[in-house]
Amino acid sequence: MTDPSCRVVELAPDDDLFPSWCEVWAAAGRDARPATPPRPAQEHVALGRELMAQGGSRDGTHRAALVDGAVAGALRLLLPLRDNPSLAMVDLAVHPAARRRGLGSALLAEARAIAATHGRSLLVSEVDEPGPGAPGRAFAERHGWSCDLVETRRELALPVDEHRLAALEAGAAAAGAGYEIVTWRDRTPDPLLADRALLERRMTTDAPYGDLPVGEEEWDGDRIREYEQTHLARGRTVLSAGAVTGGRLVGFTDLQIPLAQPEFVHQGGTLVLRAHRGHRLGARMKAAVLRELAAGFPEVRRISTYNSDGNTPMVAVNEELGFRPAGALSSWSARLRDPLAVGRLGMVEVAGVLHSRAARASGAGCG
Ligand SMILES: CC(C)(COP(=O)(O)OP(=O)(O)OC[C@H]1O[C@@H](n2cnc3c(N)ncnc32)[C@H](O)[C@@H]1OP(=O)(O)O)[C@@H](O)C(=O)NCCC(=O)NCCS
């Protein structure tokens, strides 16, 4: 039963209530993981402006659940524009002090209605699960969503043990003769841009998803530049390493550092093209970017990453580096039948399964 004093309103990133909307995310984050600094408001504002600007690769909108005029719940809906045309990504949080009063359900109903109005028939969302009993899991199950994927979150405490890192580098270098490891910060070098776009596209087809049907994303150099700009606008700097052979970039790994609170860093994607696997390039690239991080940002204390348990090679590299499990991230989906009719009637039927890597728009790292 929804709290009768609850009202759902549309918000834009420059509205007076937007800082309170950001604070809902921060409070939910502190509640779930007290030792992890929540995402700064600047990240939400920058993403919000990007979603509302014309010409980008995705569209989006924000809603707030107000109780007695104060923001108690937050919804962001992202709509990919270049690919996955049936998909809408749902980011949803309710302030810990306002839970179990129907606010989450009211915002989810709003998300379904908006998605349907835009002709989207699939909703996806992610739930952070620091341990058993995460409220997001019970909520998603209650609403009939399908759990498509569970990834283990791992964290690496820094500084990395020098002996461990040097041993990994020595072993990996011997296996990867013929490949040069290069590094860059924030802007992919122009000669490598087209290859970098192909790698991002392969992230949406090659990373293991069990039996999930995954929509391949359309990436080109312009979209890579847009993505790079998004990180800068959000106040993040990105350290990257790549593997190059014959002048072509065949692998990459990214670390995203929130400059306002650099002690906690997010792993972005890591991928090596199929034809170049088996040379320990993943380990070499990760070691190289860790060296860059240690040199430029000695204040960093932890890195977090997410891997499917079936991603044996990536998990092995991470374990070798010293990453240790720290909960899970689950991905959920629901299908709206006849979205346009749903939009008109304001009701939905939930069924079916689909997951898209596009859900990574929410910012979780993997690799
Ligand atoms: C998940 C979340 C949005 C739910 O918000 P909420 O306002 O408490 O949700 P509702 O009151 O609408 O809950 C609807 C139903 O979901 C189930 N549910 C929600 N939280 C639950 C919990 N902690 N334990 C068990 N069931 C729960 C219940 O069936 C509940 O109905 P009931 O209260 O009548 O028993 C909130 O806990 C949250 O912000 N969590 C962190 C972020 C997150 O996980 N987002 C989910 C993305 S899908």
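An unreviewed UniProt entry annotates the protein as GNAT family N-acetyltransferase of Blastococcus carthaginiensis.

Draft legend 1. Here's a closer look at the nonpolar core. Within the largest apolar cluster, 39 residues are counted, with the highest numbers of intra-cluster contacts made by Leu156, Leu158, Val265, Leu290, Leu293, Ile303 and Leu321. Elements with a contribution of two residues or more to this core: α5 (162-175), α6 (193-206), β8 (236-245), β9 (248-258), β10 (264-272), α8 (281-296) and α9 (312-321). The dominant element in this core, judged by the number of residues it contributes, is α8, at eight residues. Each residue touching Leu293, except ones within four places of it in the same chain, is listed here: Leu158, Leu239, Leu255, Ile257, Val265, Pro298, Val300 and Ile303. Counting 25 residues, the second-largest nonpolar core is a separate cluster that includes Ala88, Ala111, Ile114 and Ala334.

Draft legend 2. Summary view of the site of the ligand. Taken together, 17 residues lie near the ligand, and Val94, Arg100, Gly102, Gly104 and Ser105 sit nearest. Here an oxygen atom of the ligand sits 3.3 Å away from a polar atom, N or O, in the main chain of Arg101. In this structure, an oxygen atom belonging to the ligand sits 2.8 Å away from a main-chain N or O atom of Gly104. Contact with the protein chains covers 76% of the free accessible surface of the ligand, which is 920 Å². Breaking the shell around the ligand down by element, the ones donating at least two residues are β4 (87-94), α3 (103-117), β5 (122-129) and α4 (135-142). The biggest single contributor to the shell around the ligand is α4, with five residues.

Draft legend 3. Representation of the pairing of β5. Most of β5 is tucked away: six of the eight residues are buried. One ladder, built from four bridges, connects β4 with β5; its direction is parallel. Within β5, the residue paired with Ala88 across the bridge is Leu123. With α3 bridging β4 and its parallel neighbour β5, the resulting β-α-β unit is right-handed. Alignment of β5 against strand β12 (residues 324-336), held across eight bridges, turns out to be antiparallel. Along β12, the bridge assignment pairs Leu122 with Arg335.

Draft legend 4. The packing of aromatic side chains, seen in detail. Taken as a whole and judged by the stated rule, the model has three aromatic pairs. On the numbers, 4.8 Å between centres and 15° between planes, the contact of Phe18 with Trp21 is stacked. One end of the pair, Phe18, and the other, Trp21, are both in helix α1 (residues 18-32), three residues apart, so they sit about a helical turn from each other. Here Phe18 matches Trp21 in class, with each residue buried. Geometrically, the ring pair formed by Trp219 and Tyr227 is edge-to-face, given 5.4 Å between the ring centres and 80° between the ring planes. Aromatic rings pair up to connect Phe18, Trp21 and Trp25 into one cluster. The ring of Trp25 has Arg76 lying over it, and the distance from NZ or CZ to the ring centre is 5.6 Å. Above the plane of the ring of Phe252 lies Arg196, whose end atom (NZ or CZ) is 3.9 Å from the centre.

Draft legend 5. Representation of the packing of α5 against α8. Relative orientation of the contacting elements α5 and α8 amounts to 140°, with a least axis distance of 9 Å. When the axes of α5 and α8 are compared, the pair comes out oblique. For the element pair α5 and α8, the recorded crossing hand is left-handed. Residues Glu162, Leu165, Ala166, Leu168, Glu169, Ala172 and Ala173 of α5 lie in contact with α8, whose contacting residues are Ala283, Arg284, Ala287, Leu290 and Arg291. Grouping the constituent residues of the contact of α5 with α8 by class yields eight nonpolar, no polar and four charged.

What counts, and where the lines are drawn
Throughout, a residue's number is its position along its own chain's written sequence, starting from 1. Reporting in this predicted model follows two pLDDT cut-offs: at least 70 for local features of residues, and 80 or more for side-chain atom pairs to be given and counted; totals over whole chains, interfaces and linings ignore these cut-offs and use all residues. For the side-chain quantities, the full set of heavy atoms in the structure was used; hydrogens and water were omitted. By convention a nonpolar core is built from buried Ala, Val, Leu, Ile, Met, Phe, Trp, Tyr and Cys residues, the set being connected through side-chain atoms within 4.5 Å. Here the term buried applies to any residue with accessible area under 20% of the maximum for its type, exposed to any over 50%, and partly exposed to those in between, with areas from a 1.4 Å probe on protein chains only. Every helix listed is a DSSP run of H or I at least four residues long, and every strand listed is a run of E at least two residues long, numbered separately from the N terminus. The contact definition used throughout considers only heavy atoms, calling two residues in contact when any of these lie within 4.5 Å. Only a single heavy atom is needed: when it lies within 4 Å of a molecule or strand, its residue is near that molecule or strand. By the criterion applied in these results, polar contacts are pairs of N or O atoms within 3.5 Å in which, for protein atoms, one can donate a hydrogen and the other can accept it, and in which residues neighboring in sequence qualify only through two side-chain atoms. Using a 1.4 Å probe, accessible areas were evaluated by the Shrake-Rupley method; residue-level cover was limited to the displayed protein chains. For two strands to be treated as a pair, DSSP must find at least two bridges joining them. If you view a crossover with the strands going away from you and the path from the first strand over the helix to the second runs clockwise, you call it right-handed. Two aromatic rings, drawn from Phe, Tyr or Trp (for Trp, its six-membered ring), form a pair once their centres lie within 6.5 Å of each other, and the interplanar angle then sorts them: stacked below 30 degrees, edge-to-face above 60, tilted otherwise. In this scheme, Lys NZ or Arg CZ marks a charge over a ring once it lies within 6 Å of the ring centre and within 35 degrees of the ring normal. The axes are straight lines fitted to the C-alpha atoms, using for helices just the contacting stretch, and the angles between their N-to-C directions are given from 0 to 180°. With respect to orientation, any angle under 35 degrees is reported as roughly parallel, any angle over 145 as roughly antiparallel, any angle of 65 to 115 as roughly perpendicular, and every other angle as oblique. Should the near helix be turned counterclockwise from the far one by less than a right angle, the crossing is left-handed, whereas a clockwise turn marks it as right-handed. Classes in brief: Ala, Val, Leu, Ile, Met, Phe, Trp, Tyr, Cys and Pro nonpolar; Asp, Glu, Lys and Arg charged; the others, Gly included, polar.

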